[in-house]
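Residues per chain, in single letters:
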Amino acid sequence: MKVDEIKEAALKYFTIHGFEGASLSQIAEEVGMKKQSLYAHFKGKDDLFLHVLRDAKEAELTSKLEYMERIDAFHPERDLYGFLRLVIDLFQKNEQLKFWLRMSFFPPAHLAKAIEKEVVDIETEIQEKLEKKFEDWIEAKTIYGETAKTPTLAFLGIVDSMLISLVYDNDEGRLEDKLQACWSVFWRGISHP
């Protein structure tokens, strides 16, 4: 239980202050222990940070995979648009995923390679799952496409655009306008031969 409390406090401080600004002393004090006691659970600040990061990665992956499990071959418009809404909601409302998003864009320099690997791992898994869904939709003739790869990558481009807006732009109206414009053009492209 103490490990979870430490990771929760670390998430708070890493999110607020970034890697460099968060201190192990603050985190330890938050959970009512001495800094030295943290080393019984984590090798150091880097280890704690990577544990918190991987927990956030798993939260994102689990949310997306659970959503994709409910997708069928007959409602791609509803399901794809719903996925975009899910992404926006996850990263606007979940502190763990706000942290994941910020660190994937702005990693501590000395951990950049480790974080890049985590980001690529999740992106690869999501792309594979989405590509399978696009194959199902093409086969069921609920969307148009010669191969599933092209619409999958185009769709992930929209997801990336939404994530960039969530990181750099606090204007929800602009985010909504961008979502509607991208979605409209994308859906028109895959729904008409």
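Calculation criteria
- The written sequence of each chain sets the order in which its residues are numbered from 1.
- Local features in this predicted model are restricted to residues of pLDDT 70 or higher, and side-chain atom pairs are both shown and tallied only at a pLDDT of 80 or more, whereas totals for entire chains, interfaces and linings draw on every residue.
- Calculated side-chain values reflect all of the structure's heavy atoms, with hydrogen atoms and water omitted.
- When two rings of Phe, Tyr or Trp (its six-membered ring) have centres within 6.5 Å they constitute a pair, described as stacked for plane angles under 30 degrees, edge-to-face for angles over 60, and tilted for the intermediate range.
- Throughout, exposure labels follow a simple rule: accessible area from a 1.4 Å probe, protein chains only, divided by the maximum for the residue type, with under 20% read as buried, over 50% as exposed, and the rest as partly exposed.
- Secondary structure elements are taken from DSSP: a helix is a run of H or I of four residues or more, a strand is a run of E of two residues or more, and numbering for both begins at the N terminus.
- Charge over a ring is defined by NZ of Lys or CZ of Arg lying within 6 Å of the ring centre and within 35 degrees of the ring normal.
- Contacts are assigned to residue pairs that have any heavy atoms within 4.5 Å of one another.
- Nitrogen and oxygen atoms within 3.5 Å of one another constitute a polar contact, given that in protein one can donate a hydrogen and the other can accept it, and given that sequence-neighbouring residues count only through two side-chain atoms.
- Here a salt bridge means any side-chain nitrogen of Lys or Arg lying within 4 Å of a carboxyl oxygen belonging to Asp or Glu.
- Expected span of a helix: the number of residues minus one, times 1.5 Å.
- What the arc measures is the spread of directions leading from the helix axis to the C-beta atoms.
- To get an axis, a line is fitted to the C-alpha atoms, and for a helix only the part in contact is used. The angle between two axes follows their N-to-C directions and goes from 0 to 180 degrees.
- Our angle categories are set so that under 35 degrees counts as roughly parallel, over 145 as roughly antiparallel, 65 to 115 as roughly perpendicular, and the remainder as oblique.
- Less than a right angle of anticlockwise turn of the near helix away from the far helix marks a crossing as left-handed, whereas a clockwise turn marks it as right-handed.
- Three classes are used, and their members are as follows: Ala, Val, Leu, Ile, Met, Phe, Trp, Tyr, Cys and Pro are nonpolar, Asp, Glu, Lys and Arg are charged, and the others, Gly among them, are polar.

Visitor: So what exactly am I meant to see when it comes to the packing of aromatic side chains here?
Guide: The geometry of two aromatic rings is summed up by the distance between their centres and the angle between their planes. The tally for this structure, following the rule as stated, stands at 17 aromatic pairs. Ring plane angle 45° and centroid distance 6.5 Å describe the contact between F105 and F106, whose orientation is recorded as tilted. Assessed through its relative accessible area of 43%, F106 is described here as partly exposed. Judged by centre distance (5.9 Å) and plane angle (40°), the rings of W183 and F186 are tilted. Of this pair, W183 and F186 both sit in helix 9 (residues 172-191), three residues apart, roughly one helical turn. This pair shows no difference in class: W183 is buried, exactly as F186 is. Within the aromatic cluster, the residues linked to one another by ring pairs are Y67, Y81, F83, F134, W137, F155, W183, F186 and W187. Seen from the ring of F19, K45 lies directly overhead, with NZ or CZ sitting 4.6 Å from the centre.

Visitor: I'm lost on helix 6 (residues 95-105) in this one. Help?
Guide: Side chains three or four residues apart in an α-helix point the same way, a direct result of the helix having 3.6 residues per turn. All buried positions along helix 6 are accounted for by L97, F99, W100, L101 and M103. Those residues of helix 6 that are buried are in contact with helix 1 (2-21), helix 4 (45-69), helix 5 (76-93), helix 7 (112-139) and helix 8 (149-168). Sitting at the amino-terminal end of helix 6 is N94, which places a side-chain oxygen 2.8 Å from the backbone nitrogen of Q96.

Visitor: How should the pattern of salt bridges be read in this particular structure?
Guide: Opposite charge on two side chains makes pairing possible when the charged atoms of those side chains draw close. Applying the stated criterion to the full structure yields 16 salt bridges. For the salt bridge of K117 with D121, the shortest nitrogen-to-oxygen distance reads 2.9 Å. Within this pair, K117 and its partner D121 are both found in helix 7, separated by four residues, close to a single helical turn. Several salt bridges converge on common partners, so that one network encompasses R54, K57, K117, E118 and D121.

Visitor: Explain unusual backbone geometry to me, please; I cannot follow it from the model alone.
Guide: Generally, phi is negative for residues other than glycine and the peptide bonds are trans, each holding for most cases. Phi at K141 is positive, roughly 60°, even though this residue is not glycine. Within the secondary structure layout, K141 lies in the loop between helix 7 and helix 8.

Visitor: I'm lost on helix 9 in this one. Help?
Guide: Across its 20 residues, helix 9 extends 27 Å between first and last C-alpha, which sits within 8% of the 28 Å expected from 1.5 Å per residue. All of the buried residues in helix 9 are L175, L179, W183, F186, W187 and I190. Down the axis of helix 9, the buried set is contained in an arc of 100°. They therefore lie on one face. Summarising the geometry of helix 9, the exposed residues directed more than 90 degrees from the buried face are D177 and V185. Taken together, the buried residues of helix 9 touch helix 5, helix 7 and helix 8. Taking the backbone nitrogen of G173 as reference, a side-chain oxygen 2.8 Å away marks D171 as the first, capping residue of helix 9.

Visitor: I keep staring at the packing of helix 4 against helix 6 and nothing clicks. Help me out?
Guide: A pair of packed helices is characterised by two quantities: the angle between their axes and the separation of those axes. At their nearest, the axes of helix 4 and helix 6 sit 9 Å apart, and the two run at 110° to each other. The angle between helix 4 and helix 6 places the two elements in the roughly perpendicular class. Both helix 4 and helix 6 take part in a crossing whose hand is left-handed. Contacts between helix 4 and helix 6 involve F49, V52, L53, D55, A56, K57, A59 and E60 on the former and, on the latter, Q96, L97, F99, W100 and M103. Looking at the contact of helix 4 with helix 6 residue by residue, the class counts come to nine nonpolar, one polar and three charged.

Visitor: Help me understand the side chain of D79, please; the structure alone is not making it clear to me.
Guide: Along the chain, D79 falls in helix 5. D79 sits in the buried class, given a relative accessible area of 5%. Not counting chain neighbours up to four residues away, the residues in contact with D79 comprise Y67, I71, D72 and W137.

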